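Structural overview for review
Here's the letter readout for the chains.
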There are 2 protein chains.
Amino acid sequence: MRADARDNRARIMTAADDVFGQSPSASTDDVARLAGVGIATVFRHFPTKTELLEAVLTLRLERLRDRALELAGSDDPGKAFFEFFTQVVSESASKLAIGEALTAAGAAAGEEARAAGRGMREAFNGLLTAAQRTGSVRSDAEMAEVYALMIGASRGATAAKLEPPVRDRMLALIYDGLAPHS
Amino acid sequence: MRADARDNRARIMTAADDVFGQSPSASTDDVARLAGVGIATVFRHFPTKTELLEAVLTLRLERLRDRALELAGSDDPGKAFFEFFTQVVSESASKLAIGEALTAAGAAAGEEARAAGRGMREAFNGLLTAAQRTGSVRSDAEMAEVYALMIGASRGATAAKLEPPVRDRMLALIYDGLAPHS
DNA sequence: GAATATATGGAGTAACGACTTCGTTTACAA
DNA sequence: TTGTAAACGAAGTCGTTACTCCATATATTC
């Protein structure tokens, strides 16, 4: 692959992440314009819009997985779990599409993105069970509902355009519910 | 207004509620087809697609407000609050657009829909403060974050296509967080 | 039951978005 | 440096969608 092609591919990915992060219904032309390339170049690298979206989504999921794996090395599993949870919610508040994207990952996405989604959820599950082992999170909470809660908080924060203080108080309520003994 | 016009208007509203409930990106033709009328008829009653969406949204918000007011008459405010919360989440799970709609209500909607949104939130606030007075909900929780939690749970449940048991366990976690003393 | 104002539906129009074509340019090898 | 395969961008095509026009039909009034 030629050097300029590789360069352009990267620039298109970056631009797409940005554009679709702000407006999931953005057009391919918008991406091309921000990337500083012609429309045809976008389509040469990603034959359909769906494939482009999927590539962006996969990248995001992989980054989240990496962050979870990194935190899994921490010596305070409880803190690590809540930090990850908070980060996911915060980021999705500023990037409108991540909730949309996370959703699509579980549902109607291509194999690559689905695999990335599975990887991310596995890493999240690792954080959760570690936090439960040290008694930071109630042990009767299962992965499915805790994950749903995280997605919900993300989408809720994004949708309602929450002020950060409100978002934090909402998270505090959630974390109280996740605490043991309550 | 002629009788057939009134009839058609009602049928269009019903059809629109149904169609947009299943797919927020549905076209006006879809609505017309389901309503059994021509496209022009839809546009005669609702000059733009936005106005049609707004009418549907307003109707939904008003129904929720009425339900909240009805529950406010109950003699068990705690039960009433949680019942309303659960109902909102359940319904939005089966009707994909309600979250989208509720969001739009707070944000970029016309005056009519915004007013309906305010009315609904006021009624919700009534349920909440009553439940707090009887000690069913912690008193340090403010309306803003509790409302955000409800929207989040709704959107999360819809987005993740939760099985009802998982949804119920997620709600149980939330309700634990809303309980006093925890 | 006839007159008429009002409503209706289907065939347009215009704009927009995904995707293609093709003549031009550019990176790399000899 | 030059030849060439690879990559590029601008201008298209095609399908979809919000919205309009107008000839026809129907409810209401007297």
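Residues numbered from 1 in each chain as written. Chains lettered and ligands numbered in written order. Predicted model: local features only at pLDDT ≥ 70, side-chain atom pairs only at ≥ 80, totals over all residues. Heavy atoms only, no water.

Some remarks on helix 5 (residues 77-94) of chain B
For helix 5 of chain B, with 18 residues, the first-to-last C-alpha span of 26 Å sits near the 26 Å given by 1.5 Å per residue. Taken together, the buried positions of helix 5 of chain B are occupied by B:Gly78, B:Ala80, B:Phe81, B:Phe82, B:Phe84, B:Phe85, B:Val88, B:Val89 and B:Ser92. (Helix = DSSP H or I, 4+ residues; strand = E, 2+ residues; numbered from the N terminus. Expected span 1.5 Å × (residues − 1). Buried < 20%, exposed > 50% of the residue type's maximum accessible area, 1.4 Å probe, protein only.)

So, the interface of chain A and chain B
Contact with chain A, which involves 26 residues of that partner, is made by 26 residues of chain B. Taken over both partners, the interface formed by chain A and chain B buries close to 2,200 Å², and the fraction arising from carbon and sulfur atoms is 69%. The interface formed by chain A and chain B includes six salt bridges. Our count for the contact surface shared by chain A and chain B stands at five residue pairs in polar contact (both at pLDDT 80 or more). Looking at the side of chain A that touches chain B, the elements that each hand over two or more residues are helix 8 (143-159) and helix 9 (164-178) of chain A. (Contact = heavy atoms within 4.5 Å. Buried area = accessible area lost by both parts, 1.4 Å probe. Salt bridge = Lys/Arg side-chain N within 4 Å of Asp/Glu carboxyl O. Polar contact = N/O pair within 3.5 Å; in protein donor to acceptor, adjacent residues only side chain to side chain.)

With respect to the UniProt feature "DNA-binding region" (unreviewed entry) in chain A
In the numbering used here, UniProt assigns the feature "DNA-binding region" (unreviewed entry) to residues 27-46 of chain A. Secondary structure over residues 27-46 of chain A splits into 75% helix and 0% strand, and the C-alpha atoms at its two ends are 14 Å apart. (UniProt positions renumbered as here; feature names shortened; annotations may be inferred.)

Description of the packing of helix 1 (residues 3-22) of chain B against helix 4 (residues 49-72) of chain B
The relative placement of two packed helices is expressed as an angle between their axes plus a distance between the axes. Residues and elements named next belong to chain B. Viewed as axis vectors pointing N to C, helix 1 and helix 4 meet at an angle of 90 degrees, and their least axial separation amounts to 10 Å. Compared by their axis directions, helix 1 and helix 4 come out roughly perpendicular. Contact residues: helix 1 offers Ile12, Met13, Ala16, Asp17, Phe20 and Gly21, while helix 4 offers Lys49, Leu52, Leu53, Ala55, Val56, Leu59 and Arg60. Looking at the contact of helix 1 with helix 4, its residues break down into nine nonpolar, one polar and three charged. (Axes fitted to C-alpha atoms, helices over the stretch in contact; angles between N-to-C directions. Parallel < 35°, antiparallel > 145°, perpendicular 65-115°, else oblique. Nonpolar A, V, L, I, M, F, W, Y, C, P; charged D, E, K, R; others polar.)

Points about the side chain of A:Glu54
Structurally, A:Glu54 can be placed in helix 4 (residues 49-72). Here A:Glu54 occupies a buried position and makes no salt bridge, while the nearest side chain of opposite charge, A:Arg114, is found at 7.5 Å. (Lys, Arg positive; Asp, Glu negative; His and termini not counted.)

Examining the packing of helix 5 (residues 77-94) of chain A against helix 7 (residues 111-133) of chain A
All names here are of chain A. The contact between helix 5 and helix 7 brings their axes to 8 Å, and the two run at 140 degrees. As summarised for this structure, helix 5 and helix 7 are arranged oblique, according to the angle between their axes. Two packed elements cross with a definite hand, and for helix 5 against helix 7 that hand is left-handed. Between helix 5 and helix 7, the contacting residues are Pro77, Gly78, Ala80, Phe81 and Phe84 on the first element and Phe124, Leu127, Leu128, Ala130 and Ala131 on the second. Its residues assigned to classes, the contact of helix 5 with helix 7 shows nine nonpolar, one polar and no charged. (Left-handed = near helix turned anticlockwise from the far one by under 90°.)

So, helix 1 (residues 3-22) of chain A
The first and last C-alpha atoms of helix 1 of chain A sit 29 Å apart over 20 residues, in line with the 28 Å expected at 1.5 Å per residue. Those residues of helix 1 of chain A that sit buried are A:Ile12, A:Met13, A:Ala15, A:Ala16, A:Asp17, A:Val19, A:Phe20 and A:Gly21.

A few points about the relation of the copies chain A and chain B
Aligned on chain B, chain A shows an RMSD of 0.1 Å; the corresponding rotation is 180 degrees and the shift along the axis is 0.0 Å. Here the symmetry operator amounts to a two-fold rotation axis. Minimal C-alpha distance to the rotation axis in chain A is attained by A:Gly177, lying at 1.8 Å. (Least-squares fit on C-alpha atoms with pLDDT ≥ 70 in both.)

Digging into the pattern of salt bridges
This model, assessed by the stated rule, comprises 26 salt bridges over all chains. Here the salt bridges do not stand alone but share partners, grouping A:Arg67, A:Glu70 and A:Glu83 into one network.

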